[in-house]
Amino acid sequence: MDKYFHSVVLDKNNCNGCTNCMRRCPTEAIRIRDKKAMIIEERCIDCGECIKVCPYHAQNVLTDDLDKLNHFKFNIAIPSVTMHGQFTQSTNMNRIFQGIKKLGFDYIYDEGIAADIVTYIIKEKIKENDLPKPIISSLCPAVVRLIQLNFPSLLDNIIKVESPMEVAARLAKEKVIKEYNLSPKEVGVFYLTPCPAKVTSTVRPVGLKHSYVDGVISIKKVYGDIVRNEKTITTEEEFEMGSPLGRGWARVGGQSHALGLNNYVAVDGIENVIKVLEEIELGKLDNIDYFEGLACFGGCVGGPLNVENPFIAKSRVRKLSEGDKALELKDKDIAMDMYKKGVLTLTKKIEPKSVMKLDSDIKKAMNMVEEIKKINKKLPGLDCGSCGAPNCYALAEDIVNGFAKIENCIFRLNDEK
Amino acid sequence: MTKDSNSMKLNYDVDSNDFTRAGEASSNIKKILKQLGVASKVIRKVSIATYEAEMNIAIHSYGGKINVEITPKEVQIVVKDNGPGIKDVNLAMKEGYSTATERIRELGFGAGMGLPNIKRCADVFELKSEEGKGTKVFIKIFLNKNT
Ligand SMILES: Nc1ncnc2c1ncn2[C@@H]1O[C@H](COP(=O)(O)OP(=O)(O)O)[C@@H](O)[C@H]1O
Ligand code: SF4
Ligand SMILES: [Mg+2]
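The residue numbering used here restarts from 1 in each chain and proceeds along that chain's sequence as written. Going through the entries in the order they are written, you letter the chains from A and number the ligands from 1. Only residues with pLDDT of 70 or above have their local features reported here, since the model is predicted, and side-chain atom pairs are shown and tallied only from 80 upward, although totals for entire chains, interfaces and linings are computed over all residues. In computing side-chain values, all of the structure's heavy atoms are included and hydrogens and water are not.

A word on the nonpolar core. Counting residues in hydrophobic clusters, the biggest one holds 97 residues, and the most contacted among them are Ile76, Tyr109, Ile147 and Leu277 of chain A. Both domains that meet at this core, namely domain 1 (7–60) and domain 2 (66–340) of chain A, each give it at least three residues. Contact criterion: two residues are considered in contact whenever any of their non-hydrogen atoms come within 4.5 Å of each other. The contact partners of Ile76 of chain A, leaving out residues within four places of it in the chain, are Phe105, Tyr107, Tyr109, Ala172, Lys173, Val176, Val187, Gly188, Val189 and Phe190 of chain A. Nonpolar cores were defined as sets of buried Ala, Val, Leu, Ile, Met, Phe, Trp, Tyr and Cys residues, with membership established by side-chain atoms within 4.5 Å. Only protein chains enter the accessibility calculation, which uses a 1.4 Å probe; a residue is then buried when its area is under 20% of its type maximum, exposed when over 50%, and partly exposed in between. Grouped together as the second largest cluster of nonpolar side chains are 63 residues, Val369, Ile399 and Cys409 of chain A together with Ile57 of chain B included. Domain start and end points were adopted from an automatic or database domain assignment.

Residues and elements named next belong to chain A. Definitions used throughout: a 1 Å grid over protein atoms alone; a cavity as a set of points that fits a 1.4 Å probe which cannot get out; a pocket as an open set with protein on both sides within 12 Å along at least five of seven lines; a lining residue as one with an atom within 4 Å of a point. Grid points are joined across faces, edges and corners, and a volume is the space filled by probe spheres set on the points. Evaluated as defined, the whole model comprises seven cavities of 30 Å³ or more. A volume near 220 Å³ is recorded for the largest cavity. Taken together, 17 residues form the lining of the largest cavity, with Ser138, Pro141, Ser163, Ser201 and Val206 sitting closest to its centre. Helix numbering and strand numbering both begin at the N terminus, where a helix is a DSSP run of H or I of at least 4 residues and a strand a DSSP run of E of at least 2. Broken down by secondary-structure element, the contributors of at least two residues to the lining of the largest cavity are α5 (141–150), α6 (164–179) and α7 (196–203). With three residues, the top contributor of residues to the lining of the largest cavity is α5. Under the scheme applied here, ten amino acids are nonpolar (Ala, Val, Leu, Ile, Met, Phe, Trp, Tyr, Cys and Pro), four are charged (Asp, Glu, Lys and Arg), and all others, including Gly, are polar. Its residues assigned to classes, the lining of the largest cavity shows 10 nonpolar, three polar and four charged.

On to the site of ligand 2, then. Residues in close proximity to ligand 2 include Cys140, Pro141, Cys195, Lys198, Leu294, Ala295, Cys296, Cys300 and Gly303 of chain A, which together make up its full environment. Residues belonging to the shell around ligand 2 are distributed by class as follows: seven nonpolar, one polar and one charged. Consider each residue's heavy atoms; a residue with any of them within 4 Å of a molecule or strand counts as near.

Residues and elements named next belong to chain A. What counts as a salt bridge is simple: a side-chain nitrogen of Lys or Arg found within 4 Å of a carboxyl oxygen of Asp or Glu. One pass over the structure, following the stated rule, counts 30 salt bridges over all chains. One salt bridge in this structure joins Lys178 and Glu174, with 3.5 Å as the shortest N-O distance. With Lys178 and Glu174 both in helix α6 and four residues apart, this pair spans about one turn of that helix. Overall, the relative accessible area of 63% leaves Lys178 in the exposed class. According to the relative accessible area criterion, Glu174 is partly exposed, its value standing at 30%. Here Glu322 ties to Arg318 by a salt bridge, and the two come within 3.0 Å at their closest N and O atoms. Given the relative accessible area of 37%, Glu322 is considered partly exposed.

Attention now moves to the domain arrangement of chain A. Residues and elements named next belong to chain A. The domains assigned to chain A are domain 1 (7–60), domain 2 (66–340) and domain 3 (361–417). The interface of domain 1 with domain 3 comprises eight residues on the first partner and 13 residues on the second. As used here, buried area is the combined drop in accessible area, with a 1.4 Å probe, of two parts when they are placed together. Here domain 1 packs against domain 3, burying approximately 740 Å² in sum over the two surfaces, 38% of which is carbon and sulfur. Of all residues in domain 1, Met22, Arg31 and Arg33 bury the most surface against domain 3, accounting for 55% of the area lost on that side. The interface formed by domain 1 and domain 3 holds one salt bridge in total. Any N or O atom pair separated by 3.5 Å or less is treated as a polar contact, with the protein-specific requirement of one donor-capable and one acceptor-capable atom, and with residues adjacent in sequence counted only for side-chain atom pairs. For the pair domain 1 and domain 3, the interface holds five residue pairs in polar contact (both at pLDDT 80 or more). Looking at the side of domain 1 that touches domain 3, the elements that each hand over two or more residues are α1 (20–24) and β2 (30–33). With four residues, β2 is the single largest residue contributor to the side of domain 1 that touches domain 3. Residues belonging to the side of domain 1 that touches domain 3 are distributed by class as follows: three nonpolar, one polar and four charged.

The subject of this paragraph is the sheet that holds strand β11 (residues 290–294) of chain A. The three strands are arranged β7-β11-β10 (chain A) in an open sheet whose pairing can be described as parallel. At either end of the open sheet lies a strand with only one pairing partner, and these are β7 (135–136) and β10 (264–268) of chain A. Strand pairing is defined by DSSP finding a minimum of two bridges between the two strands.

Residues and elements named next belong to chain A. Where burial is concerned, most of strand β8 (residues 187–193) is hidden: seven out of the seven residues are buried. Alternating positions in β8 separate into two faces, Val187, Val189, Tyr191 and Thr193 on one and Gly188, Phe190 and Leu192 on the other, with burial throughout. Two elements, β8 and strand β9 (residues 215–218), share four bridges in a ladder whose sense is parallel. By the bridge assignment for β9, Thr193 is matched with Ser218.

Here we come to the interface of chain A and chain B. Counting residues at the interface gives 28 residues for chain A, matched by 26 residues for chain B. Between chain A and chain B, roughly 2300 Å² of surface is buried when both sides are summed, and carbon and sulfur atoms account for 59% of that area. Of all residues in chain A, Leu282, Ile362 and Met366 of chain A give up the largest surface area on contact with chain B, accounting jointly for 26% of the area buried on that side. Summed over the shared surface of chain A and chain B, the number is eight residue pairs in polar contact (both at pLDDT 80 or more). Elements with a minimum of two residues in the side of chain A that touches chain B: α11 (270–281), α14 (362–378) and α15 (392–400) of chain A.

Glancing now at the side chain of Asn306 of chain A. Residues and elements named next belong to chain A. Along the chain, the position of Asn306 falls in the loop between β11 and α12 (310–321). Of the polar contacts made by the side chain of Asn306, one reaches the side chain of Thr82; its length is 2.9 Å. Side-chain polar atoms of Asn306 contact the side chain of Gln86, separated by 3.2 Å. Excluding residues within four positions of it along the chain, Asn306 makes contact with Thr82, Gln86, Pro194, Ile219, Lys220, Cys300 and Val301.

Following this line, the structure appears as structure tokens:
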């Protein structure tokens, strides 16, 4: 199947091989070959850094079109919690949700409602008190994949509760099946996403056998239509929405705030997340209860498929969720029923991925490391990226792995032979 | 000393008081152990032990060296510094005991857990110190011991 499905793909026509994405990639997953960037599939965590940094818009996200709604008799839209930060404060979100409905949906289920439920479940889990500290949030799929790849010793710290997106999908499907007398196959669940990593999670989930989300639509793609639809509304509808705390999950620190925690560390930006995970691995944060690491600046409001400036969106969401707000639980009965059946917790072990390993025979691997070090010494140490690898050491690794040649280095100053 | 595939040596100099570079040795060792395909739990133990040893050289000593030897069976770490040595080794091994200055504590170090943590991570641990001369820590961590 799609062993290495990734939502982040490269448009070769737009790429001119500028090296911006390669230097920015936090897992060194990009190389330039024949003046075009290429992604090493098994290293990509879909964090979207390359999309944000590409000046030529050559990095794209594979999402679905609204045509896909035709595959189902009844369609549900789950707008991401970040939707609440995309419009001015005075905007009536009911009208926005109605605008979303007019895209062709039959039912809207706010991700915020699921965020409330997930908050409640995580609270219960924390009370059980047998989890390794700090507990690591499972919200950001890019961070979960980063841990699989680079911090496998911390996999046990990840809280085994599903993301609000998945919980929303389950709750919404269950609800409409009952309410409208439908069969599961007739119902399509579509997530309106700010996030490429979540797109990947619906096709190739981590910790789950399969996703309940049938399609993913980029917020950016439909934003204009939603705004236009909103203008044509004559009779207003009302929608259920998550509590301010649940909707607050859209910004970094929002989860921890909703959980009512004090002793937490919340970090945004993938490079910062890496630095803190390193500290956690060294045992320096063992006295912290909860770690909320999000790949995007500001949290999910910084996801590359949003429209609004992340800082503005973050501030809106903060204002919304600040203060002495209490958690509200809509659909609690269905949710608790599902929770008890194990439907809202991760059902598959999150496995480590050892893509760094040079050879399964440690003796061979040792020889290869020596070889890498030798080649690295011959390289100028400029980390200029002209060779198509993100830095000199990475080129040395590529050479030993047989993916590149020393001639790729345009300097080779120290190479006498 | 060219093709000796049964062991691999890594050597690092650690300067006194150099906090900007402190941690470099342990993160470099970590990277190499990953390339060798060593189990992540073992890598974590080696990283913690070398990181704490590195910090102790930087904070408490006049400078020193970390010498690592990796074989298919184990990782051996020898940490040596040029003094001043530890007066009371038993006391130094106590959890929470630290002579770190206020300034060092403000930087987030000096919890007095370094040596106890090294011992916890090590399968073999020896600490020898002579006042006026220096300190030597010998650490061995097996690669295939079930945790
Ligand atoms: N290499 C060293 N040289 C001199 N003294 C040391 C050395 N390593 C440790 N010590 C002494 O042992 C004490 C305890 O060390 P450790 O457990 O690492 O805690 P910390 O470094 O936080 O003080 C230190 O405060 C210091 O007095
Ligand atoms: S921070 Fe949010 S939007 Fe960004 S990658 Fe993670 S889950 Fe996606
Ligand atoms: Mg110490």
